[in-house]
Amino acid sequence: MAGTPTHCPYCALQCGMTLHDGGSEPVRVTPRDDVPANAGGLCQKGWTAAELLTVPDRLTAPMMRRGRAAPLEPCGWDEALDRITAETGRLRDLHGPDSVAVFGGGGLTNEKAYQLGKFARIALGTSQIDYNGRFCMSSAAAASGRAFGMDRGLPGPVTDLASSGAVLLAGANVAETMPPFMRHLTRMREGGGALIVVDPRRTATARQADLHLQPTPGTDIALANGLLHLALAEGLADEEYIAARTTGFDAVRTVANAYWPDRAERITGVPVPLMREAVRLLARAARAHVLTARGSEQHARGTDTVSSFINLALALGLPGREGSGYGCLTGQGNGQGGREHGQKADQLPGYRRIDDPEARAHVAGVWGVDPGDLPGPGRSAYELLSALGTAGGPKALLLFGSNPVVSAPDAAAVEERLGALDLLVVADFVPSETARRADVVLPTAQWAEESGTMTNLEGRVLRRRRAVRPPDGVRTDLEILAALAERLKAPGKWSTDPRAVFGELRRASAGGIADYSGITYERIEAEGGVFWPCPSPDHPGTPRPYLDRFPTPDGRARFVPVEHGGAAEDVDADYPVYLTTGRVLAQYQSGAQTRRVRPLAEAAPGPFVELHPDLAGRLGIEEGAGVRVESRRGAATVTARLTGAIRSDTVFIPFHWAGEGRANLLTNPALDPVSRMPEFKVCAVRLLPLPVE
Ligand code: SF4
């Protein structure tokens, strides 16, 4: 049966799928064979994606609270938009433009991310805009920027992995988070390649690996430096490549020399023979990859942690060689594109710095405003959320495509800040935990009900197509932004047509790092996606960006020396166990979408803590028992799952659930000084068994 070819609503693999609208029958999903990322595969989330379109509590009318303690009640669009316009206007008159903030998401299409950044800067005139991607892979973006002069997901098409001789995955559980990705790694292993996994848990991915390094949480820098030490000691570094294509190696060599094997083992807990084997596998492969994800990125030293893995990759001569390299496995659906078009506090479209006069002049020209009217850099995501309602902080927040009540670190404190606002506006298609706390809720169209482009983890720009009609009463985000811009008498054009917005985005990105100016909807259609940078219509796009030179001033990649320092919060007598957080197969991010899809909710119904039987025995905790997990910030109540697959000094809680089982009630908002990434991946906790009722 014919259908509409499109892409999955969830993660950054952006698997290709066809949506079949069966008329009176429910809409159905089938996988596409013509999309290399998934080549006919889907995970459980993808197979059930059509059920998102019919979730029972779908929002179909704007809602408004008429008084602080009043309930949310349905209202008309004009009433909702007029109230937002009036209240933001009052606050801006009283406190200045930065009293109104905007928060976006890594799942928004490129068009929406672009329009949201423009809306904040020239319709509201505020510098206070950031997005939840700051919580996702901002440290990898910062580390890639300082090493390569650019940040773009994988170093080449995902299919390159199949011909790799070795892949080191640091902090990625792709077998659960994006299962079709495993096909490429399985093909690599079938061809004789080796998979090396770095993770404190023996995850589904680690179980399929040839080598599993299981470090103490927060010690990845020592591990990467230890691997580099071994590479140097065994003469495995690629000195010719280092001399020809990099700078700064001497300082990194000096640092690595101090991570002799016994010391690295003492810090990380990873046995020396395993480290030695890992580095030999990587160095001896004709092609190899070093890939990081949230496990090594979500740290208060996240940028340095990623730099330590990039240093290893550079020393082995991988980046800029066809079929090899360093890459970041982006998480959210448009985690890559979402960070390129100007919804970050410090950036303008094209991945340009907002404090760069040339960038400001170019973008202001496209927007039809004076460069001097563009605000400067604003607060990063957590700093913005924690400033809400404070003296000098924003008094109103307009939030699109994010659910920080569940997904932000130290979530109870963030919830308190949201409660201190004069005005909270949430645009979403379901009543998320954050939407339920809003003063105004705007019901939006969702993935298959509208068109747009997404940039997947390869840096390939793809088309999402409208396949079904949205319910009566909802509007697209572009329609909402255009209506508000008109009421606010904003300068410039505010199209509601994604194709027209993409045309403007292309002009705004021209000449920037993320140059989309040669990409059109027609080309994406004809070529099955186009890799950026693509600076002109006759440019073929750039699947492998660093083959000739790195986009740094001298064309060389830069080593950055980094020292192990440990987690921001270490275990002690009061909080003696490490907590790490992550995802499970059947849920996605804050769970606002997947908890509403029946088969997914049945497969993963509620929060749990995974702990080693030795630790459980010491604490008197039994399988299936209730457990109170406490950190210095709060407490969560979860169910115990005993497994020998985790270190006995570490517990794991997935972060998909709301209420008392929220993992982020516990997490540490300590921020990376470079990327402002919070330390989601390690903090200190204690566990108390709950009495059986
Ligand atoms: Fe969707 Fe990601 Fe699953 Fe693919 S791997 S079907 S993109 S959730």
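Given the structure is predicted, the values throughout are model-derived calculations rather than measurements.

Asker: Give me the lowdown on the overall build of the chain, citing residues and values where you can.
Answerer: Broken down by element type, the chain carries 23 helices and 30 strands. Burial status across the chain gives 60% buried among its 693 residues. Counting only contacts in the chain whose residues sit at least 6 apart along the sequence, the fraction spanning at least 24 positions is 73%.

Asker: Break down the pairing of strand E2 (residues 16-20) for me, citing the residues and quoting the values.
Answerer: As defined by bridge partners, strand E1 (residues 4-7) adjoins E2 across four bridges and the pair is classed as antiparallel. Residue Pro5 lies in a different strand from E2, and its bridge partner there is Thr18. Bridging between E2 and strand E3 (residues 28-31) involves four bridges; their strand directions are antiparallel. In the sheet register, Thr18 faces E3, and the bridge partner there is Thr30.

Asker: So what's going on with the environment of Pro180? Residues and values would help.
Answerer: Within the element layout of this structure, Pro180 appears in the loop between helix H5 (174-177) and helix H6 (181-190). Residue Pro180 is classed as buried on the basis of its C-beta count, with 23 C-beta atoms lying within 10 Å. In this structure Pro180 touches Leu13, Cys15, Ala37, Asn38, Gly41, Leu42 and Cys43, once residues within four positions along its chain are discounted.

Asker: How would you summarise helix H2 (residues 77-95) if you had to cite specific residues and measurements?
Answerer: Compared with an ideal rise of 1.5 Å per residue, which puts 19 residues at 27 Å, H2 spans 27 Å between its outermost C-alpha atoms and is within 8% of the ideal. Listing the buried residues of H2 in full gives Ala80, Leu81, Ile84, Thr88 and Leu91. One side of H2 holds all its buried residues, which, seen down the axis, span an arc of 105°. The exposed residues of H2 that point more than 90 degrees off its buried face are Asp78, Glu79, Ala86, Asp93 and Leu94. At the C-terminal side of H2, Gly96 shows a positive phi close to 95°.

Asker: I'd like a rundown of the nonpolar core, residues and numbers included.
Answerer: Counting residues in hydrophobic clusters, the biggest one holds 221 residues, and the most contacted among them are Val167, Leu168, Ile196, Leu227, Leu282, Leu316 and Val425. If sequence neighbours within four positions are ignored, Leu316 has contacts with Ala231, Ala237, Asp238, Leu282, Ala283 and Ala288.

Asker: Tell me about the site of the ligand, and please be specific about residues and values.
Answerer: If you check the shell around the ligand, you find 14 residues, and the closest are Cys8, Cys11, Cys15, Cys43 and Gly46. Shared between two domains, the shell around the ligand takes at least three residues from each, and those domains are domain 1 (4-54) and domain 3 (138-328).

Asker: Please set out the domain arrangement of the chain residue by residue, giving values where relevant.
Answerer: Entries for the chain in the domain assignment read domain 1 (4-54), domain 2 (77-134 + 334-447 + 471-496), domain 3 (138-328) and domain 4 (577-689). Facing the eight residues of domain 1 at the interface are ten residues of domain 4. Its residues assigned to classes, the side of domain 1 that touches domain 4 shows four nonpolar, two polar and two charged.

Asker: Any details on the sheet that holds E2? Residues and values, ideally.
Answerer: Two orientations exist for strands paired in a sheet by backbone hydrogen bonds: parallel and antiparallel. Spatially, E1-E2-E3 is the arrangement adopted by the three strands of the open sheet, whose pairing is antiparallel. One side of each edge strand has no neighbouring strand; the edge strands of this open sheet are E1 and E3. Within this sheet the neighbouring strands show an average axis-to-axis angle of 35°, counted without direction.

Asker: Break down the sheet that holds strand E21 (residues 530-531) for me, citing the residues and quoting the values.
Answerer: Spatial ordering of the open sheet is given by E19-E20-E21, a layout of three strands whose pairing is antiparallel. The sheet is open, and its two borders are formed by strand E19 (452-455) and E21, each paired with just one other strand.

Asker: Describe the pairing of strand E30 (residues 683-689), naming the residues involved and giving the relevant values.
Answerer: Where strand E23 (residues 577-582) and E30 come together, three bridges link them in antiparallel fashion. Within E30, the residue paired with Leu579 across the bridge is Cys683.

Asker: I'd like a rundown of the environment of Asp422, residues and numbers included.
Answerer: Considering the arrangement of structural elements, one finds Asp422 in the loop between helix H18 (411-419) and strand E17 (423-428). It is 37 Å that separates the C-alpha atoms of Asp422 and Ser296, two residues lying 126 residues apart in sequence.

Asker: Lay out helix H4 (residues 138-148) with the relevant residues and their values.
Answerer: The buried fraction of H4 is high, at nine of eleven residues. Within H4 the residues assigned to the buried category are Ser138, Ser139, Ala140, Ala141, Ala142, Ala143, Ser144, Ala147 and Phe148. Turning to H4, the residues buried within the fold contact strand E12 (288-292), helix H13 (294-297), helix H14 (302-315), strand E13 (325-328) and strand E22 (557-558).

Asker: For the environment of Cys75, give the residues involved together with the corresponding values.
Answerer: Assignment of secondary structure puts Cys75 in the loop between strand E5 (72-74) and H2. Between the C-alpha atom of Cys75 and that of Val441, which follows or precedes it by 366 residues, the distance is 9.7 Å. Not counting the four nearest positions on each side in its chain, Cys75 is found in contact with Pro62, Met63, Met64 and Ala80.

Asker: Quick one: what's the story with unusual backbone geometry, residue by residue and with numbers?
Answerer: Residues Trp532 and Pro533 are joined by a peptide bond in cis, for which omega reads -5°. Within the fold, Pro533 resides in the loop between E21 and E22. For Gln14, which is not glycine, the phi dihedral falls at a positive 50°. On the secondary structure map, Gln14 appears in the loop between E1 and E2. A positive phi angle, close to 55°, is found at Lys489, a residue other than glycine. When you line up the elements, Lys489 lands in the loop between helix H19 (477-487) and helix H20 (498-509).

Asker: Please provide a residue-by-residue account of the packing of helix H3 (residues 110-124) against H19, values included.
Answerer: Packing of H3 against H19 brings their axes to within 10 Å, and their N-to-C directions diverge by 15°. Comparing their axes, H19 and H3 come out roughly parallel. In this structure, H3 meets H19 at a crossing whose hand is left-handed. Across from Glu111, Lys112, Gln115, Leu116, Phe119 and Ala123 in H3, the residues of H19 making contact are Asp477, Leu478, Leu481, Leu484 and Ala485. Classifying every residue of the contact of H3 with H19 by side-chain character gives seven nonpolar, one polar and three charged.

Asker: Could you give an account of the confidence of the model for the chain, naming the residues involved and the relevant values?
Answerer: For the chain, mean pLDDT is 96; residues scoring 70 or higher make up 100% of the total. Scoring of the predicted complex yields 0.96 for pTM and 1.00 for ipTM.

Thresholds applied
Residues numbered from 1 in each chain as written. Predicted model: local features only at pLDDT ≥ 70, side-chain atom pairs only at ≥ 80, totals over all residues. Helix = DSSP H or I, 4+ residues; strand = E, 2+ residues; numbered from the N terminus. Buried ≥ 20, exposed ≤ 12 C-beta atoms within 10 Å, placed from the backbone. Contact = placed C-beta atoms within 7 Å. Pairing = 2+ DSSP bridges. Expected span 1.5 Å × (residues − 1). Arc of directions from axis to C-beta. Core = buried A, V, L, I, M, F, W, Y, C linked by C-beta atoms within 7 Å. Near = placed C-beta within 6 Å. Domains from an automatic or database assignment. Nonpolar A, V, L, I, M, F, W, Y, C, P; charged D, E, K, R; others polar. Axes fitted to C-alpha atoms, helices over the stretch in contact; angles between N-to-C directions. Parallel < 35°, antiparallel > 145°, perpendicular 65-115°, else oblique. Left-handed = near helix turned anticlockwise from the far one by under 90°. pLDDT = per-residue confidence, 0-100.

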